[in-house]
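What follows is each chain in one-letter form.
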Amino acid sequence: MKLKKRKQLISIIAILFLVTIAVLLLKWRTNGKSFLHHRRESWLSYIHWDQSDKEYTGKNVKIAVVDTGIDCETPELKAQLKEVNTQIGGDNHLAENDILHGTAVCGIIAACPQNADQVLGVAPDVEISFIDVGADEYGSVSIENLTAGIQLAVDQKVDIINISIGVTNGSPELEAAIERAISNDIIVVASAGNYMENNILYPAKYSNVLCVGYVDRQGTKVSPIGELSKHVIYLPGENIVTCIKANEYAGCEGSSFSTAICTGLVALLLEKNNDKVAVYDYLQKLEINGTADFEDILKEFH
């Protein structure tokens with residue numbers, strides 16, 4: 001029993017570390033017109049997706065974002081947020097450390113600007129069901145809450161589950177929740193983790209989960225690196241500028257945010273062809289190592 005509790009504690013600490021690092025890397029904020037330059041010429045241009053007049057925008061795709069909290073008053077997300085569940089995470093969903101991470105993840109996936117000063121996400125017409133699994137005001141998450149959040153997402157019959165958090169040790173319950181999602185025709189996209197060498201966090205490590213790592217602005221792999229047990233999709237994860245709460249923005253860094261970019265891409269592909277097995281297989285075969293051209297990726301998918 002003591003050993004089991006110790007493993008659970010290690011898993012909780014791992015999630016806390018991942019989320020805390022991601023929040024600490026929300027290091028640059030700005031308001032007003034100066035932000036427009038950054039939106040048009042930074043991370044969206046890295047993936048060749050820096051215009052708002054695209055053929056595919058994620059229409060009719062429902063995404064569950066299982067994360068640490070969200071600011072529901074963020075203007076760019078009000079139309080996309082169809083449901084927000086805070087019961088699992090308790091009463092901490094409005095604490096600043098809790099909402100920064102989840103708001104940023106949602107902004108990267110789905111932000112839809114209402115004016116030229118606001119931010120744009122990869123798939124601004126998706127529907128988002130946000131599931132707050134934060135355990136306290138500091139943005140930590142327990143493995144039990146994470147498992148419960150995934151199970152709730154399955155019950156909501158979503159198309160994609162985005163998990164930009166992870167644990168060093170899995171559990172039978174967590175694996176069962178992932179397997180239930182897969183068996184219900186849901187694509188699960190999860191973060192490989194930050195500062196990972198020769199290892200990947202759970203649930204990204206499980207088979208049939210799209211595992212996402214990140215590269216810097218030069219396209220160099222940052223995490224994970226070394227000998228890895230499964231295919232990793234590497235996408236930009238440095239200075240990804242997005243909303244972190246209402247009318248506040250930051251340059252984010254970490255695999256949490258490259259995972260959100262990947263989830264946006266999955267939504268675009270599903271809009272083009274609503275065949276989840278085909279989308280999953282297509283992405284698993286692609287060697288995406290940071291120099292992703294979303295226009296070409298969409299063009300080649302049938």
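Look up a bit, the structure's there.
Figured I'd write up the structure that's included with this text. (Residues numbered from 1 in each chain as written. Predicted model: local features only at pLDDT ≥ 70, side-chain atom pairs only at ≥ 80, totals over all residues. Heavy atoms only, no water.)

**Some remarks on the overall build of the chain**
Within the chain, the regular secondary structure consists of 9 helices and 10 strands. Contacts in the chain between residues at least 24 apart in sequence constitute 75% of all its contacts with a sequence separation of at least 6. Accessible area for the chain stands at about 12,300 Å²; split by element, carbon and sulfur atoms hold 48% of it. (Helix = DSSP H or I, 4+ residues; strand = E, 2+ residues; numbered from the N terminus. Contact = heavy atoms within 4.5 Å. Areas by Shrake-Rupley, 256 points an atom, 1.4 Å probe, with all protein chains shown as cover.)

**Considering the packing of aromatic side chains**
Applying the stated criterion to the full structure yields 3 aromatic pairs. Measuring from ring centre to ring centre gives 6.5 Å for W49 and F294, while their planes differ by 55°; the resulting arrangement is tilted. Here F294 lies in helix α9 (residues 294-300) and W49 lies in the loop between α3 (43-46) and β1 (62-67), a separation of 245 residues in the sequence. F294 shares its class with W49; the two are buried. When the centroid spacing of 5.0 Å and the interplanar angle of 40° are considered together, the rings of Y282 and F301 count as tilted. Taken together, the positions of Y282 in helix α8 (residues 276-285) and F301 in the segment after α9 put the pair 19 residues apart, joining distant regions of the chain. Residue classification places Y282 among the buried positions, given a relative accessible area of 16%. (Phe/Tyr/Trp six-rings, centres within 6.5 Å; stacked < 30°, edge-to-face > 60°. Buried < 20%, exposed > 50% of the residue type's maximum accessible area, 1.4 Å probe, protein only.)

**A short note on the nonpolar core**
With 60 residues, the main nonpolar core has W43, V126, I261, V266, L269, L283 and F294 as its most contacted residues. With residues up to four places along the chain from it excluded, the contact list for I261 reads W43, I47, I108, V122, L235, P236, I240 and F294. Within the second largest apolar cluster, 32 residues are counted, among which are L146, V167, I200 and Y202. (Core = buried A, V, L, I, M, F, W, Y, C linked by side-chain atoms within 4.5 Å.)

**Focus: unusual backbone geometry**
Here the bond from Y202 into P203 is cis, since omega is 10°, no more than 30 degrees from zero. With respect to the helices and strands, the residue P203 is situated in the loop between β5 (187-191) and β6 (210-215). Going from S223 to P224, the amide bond is cis rather than trans, its omega being 0°. With respect to the helices, strands and loops of the structure, P224 is situated in the loop between β7 (221-223) and β8 (233-236). Despite not being glycine, D185 has its phi angle at roughly 60°, a positive value. Mapping D185 onto the fold places it in the loop between α6 (172-183) and β5.

**Some points on the pattern of salt bridges**
Tallied over the full model, the rule gives 7 salt bridges. Among the salt bridges present, the one from D155 reaches R180, with a minimum N-O distance of 2.6 Å. Here the residue D155 occupies a position in helix α5 (residues 143-155), and R180 occupies one in helix α6, the gap between them amounting to 25 residues. On the basis of relative accessible area, R180 is assigned to the partly exposed category, the value being 35%. Put simply, K276 and D159 hold a salt bridge, and the shortest N to O gap is 3.1 Å. Taken as a pair, K276 in helix α8 and D159 in the loop between α5 and β4 (160-163) lie far apart in primary sequence, 117 residues in all. The pair K276 / D159 is uniform in exposure class, with both members buried. Members of the salt-bridge network, linked through shared partners, are D159, D185 and K276. (Salt bridge = Lys/Arg side-chain N within 4 Å of Asp/Glu carboxyl O.)

**Remarks on the environment of T168**
Structurally, the position occupied by T168 is in the loop between β4 and α6. A relative accessible area of 31% places T168 in the partly exposed class. Taking the C-alpha atoms as reference points, T168 and P203, separated by 35 residues in sequence, lie 9.0 Å from one another. Of note is the side chain of T168, whose polar atom sits 3.5 Å from the side chain of N169. (Polar contact = N/O pair within 3.5 Å; in protein donor to acceptor, adjacent residues only side chain to side chain.)

**A few points about α8**
Counting along an α-helix, one turn takes 3.6 residues, and residues three or four places apart therefore face a common direction. Considered for burial, the residues of α8 that qualify are K276, V279, Y280, Y282 and L283. The buried residues of α8 all sit within an arc of 165° when viewed along its axis, so they share a single face. What points out from α8, more than 90 degrees from its buried face, is the exposed set V277 and K285. The inward-facing, buried residues of α8 abut β5, β6, β8, α7 (255-272) and α9. The opening residue of α8, the one whose side-chain oxygen lies 3.2 Å from the backbone nitrogen of V277, is D275. (Arc of directions from axis to C-beta.)

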